[in-house]
Amino acid sequence: MATGDPAAFQESLQSTLVKGMATSGKAGIPSGVMKALDPRQLKPDSMETERILTVLDETIVKLEITRLISRITGSLERYARMLGPEITSSLLEHQKLSMAVRDLLASPGDEEPVRAVEQRLKCSLRNILRLFLANPLLYHGLKYQVPVKESPADVFIKAFMEFRDFTLERLLTSPDEEEEKIKFMKRISLRVEKNMETISALREELAAVIQTRDEEVNRKDKTIENLKTSMEALAKDFKAEIQQIMKEGEKQQKEDEKASQDRCARLKQDIQHLEVQFSALVLEHRASELVLMKFQAGCLSLLMTRHIPSDTFISFCRKQLPGAVQPPSSML
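Values in this document were obtained by computation on a predicted structure and should not be read as measured data.

Asker: Mind showing me how you'd approach the pattern of salt bridges here?
Answerer: If the charged atoms of two oppositely charged side chains come close together, the side chains can form a pair. Scanning the model with the defined rule gives eleven salt bridges in all. Here Asp-154 and Arg-67 are joined by a salt bridge, their closest N and O atoms 3.1 Å apart. Of this pair, Asp-154 sits in helix H8 (residues 152–171) while Arg-67 sits in helix H3 (residues 46–74), and the two are 87 residues apart along the sequence. Side by side, Asp-154 and Arg-67 carry an identical accessibility label, which is buried. Of the charged contacts, one joins Arg-187 and Glu-180 as a salt bridge, the two residues approaching to 3.8 Å between their closest N and O atoms.

Asker: What is the right way to read the packing of aromatic side chains from this model?
Answerer: The relative placement of two aromatic rings is captured by the distance of their centres and the angle of their planes. For the coordinates displayed, the defined rule picks out two aromatic pairs. Where Phe-156 meets Phe-160, the ring centres are 6.3 Å apart and the plane angle is 35°; that geometry is what we call tilted. With Phe-156 and Phe-160 both in helix H8, this residue pair falls four residues apart, about one helical turn. Take Phe-156: its relative accessible area is 39%, and that puts it in the partly exposed class.

Asker: It is not clear to me how helix H7 (residues 136–145) should be interpreted in this structure. Could you clarify?
Answerer: The α-helix winds at 3.6 residues per turn, so residues separated by three or four positions along the chain end up facing the same way. Along H7, the residues that are buried comprise Leu-138, Tyr-139 and Leu-142. Buried residues in H7, looked at end-on, bunch into an arc of 100°, giving them a common side. The exposed residues of H7 that point more than 90 degrees off its buried face are Leu-137 and Tyr-144. Packed against the buried residues of H7 are H3, helix H4 (76–83), helix H5 (85–106) and helix H6 (111–133).

The rules behind each value
Residues numbered from 1 in each chain as written. Predicted model: local features only at pLDDT ≥ 70, side-chain atom pairs only at ≥ 80, totals over all residues. Heavy atoms only, no water. Salt bridge = Lys/Arg side-chain N within 4 Å of Asp/Glu carboxyl O. Helix = DSSP H or I, 4+ residues; strand = E, 2+ residues; numbered from the N terminus. Buried < 20%, exposed > 50% of the residue type's maximum accessible area, 1.4 Å probe, protein only. Phe/Tyr/Trp six-rings, centres within 6.5 Å; stacked < 30°, edge-to-face > 60°. Arc of directions from axis to C-beta. Contact = heavy atoms within 4.5 Å.

By themselves, these observations are geometric and do not establish any function.
Below you can see the structure in the form of structure tokens.
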């Protein structure tokens, strides 16, 4: 158990002292008193209860004082005026004994000197506790002035205070009240058990409802996802179809434009050809008209000079119109 930390050694020493007090107290209690600690055998005696609580309260105070000693010895000059010469000298002696025990534990050797110094350290601690208990105002003043960090000793003191309250409750409870309390606790336990069964059933029902809801939600989600996929597929198909239609329409438009251009070119060629034919016909008609005019003039001249009968002249003209206008040789 060797250590170089006086505070750690002090905490270890506190634990040893507490165990020693508990062991010595238990060994020195008569059997009658031990029986009296049983709530079913304890009579409602206020003096007996007060003595037990006094012992417990004094033990708590001793534990708290022991917890403060390490912090006070670390700043003894600060609290020397408040402590007084007797307590200050006792704390100095206690500090020297603590350092001596630490040195002896740090160096291997005979255990007899260690036991002797530890015994002196225990006596020094009892003397310091006696001095503080004789001056309760000093203890309460230091309790709120000395800064103490939380340590395992605080946990033990808190547990001991809870034990004191539990003991007080047991001491103030009569056997009939204890029995009634036990019955009440059993009823509460049964009620809690029934409530837990009800809660378990409700939780199972709730879990089933939640599972059904989740399954329904998952089913709807899958349906929505399928519809979404179908809509996306349809949109892709429609888009492809629309693009195909647009391509075909553009292709058809180009073909129609090309066909129209070809027709326009053919019509233009036909027009040009017809214009050429028209010009040729106009020229031919002009030539025929010119020949006809010359023929008419020749016929008139012949009619006026030869004195041919009109019927003979008309018949001759009709025969000559389809072909070339040539007067007969007998009429020349």
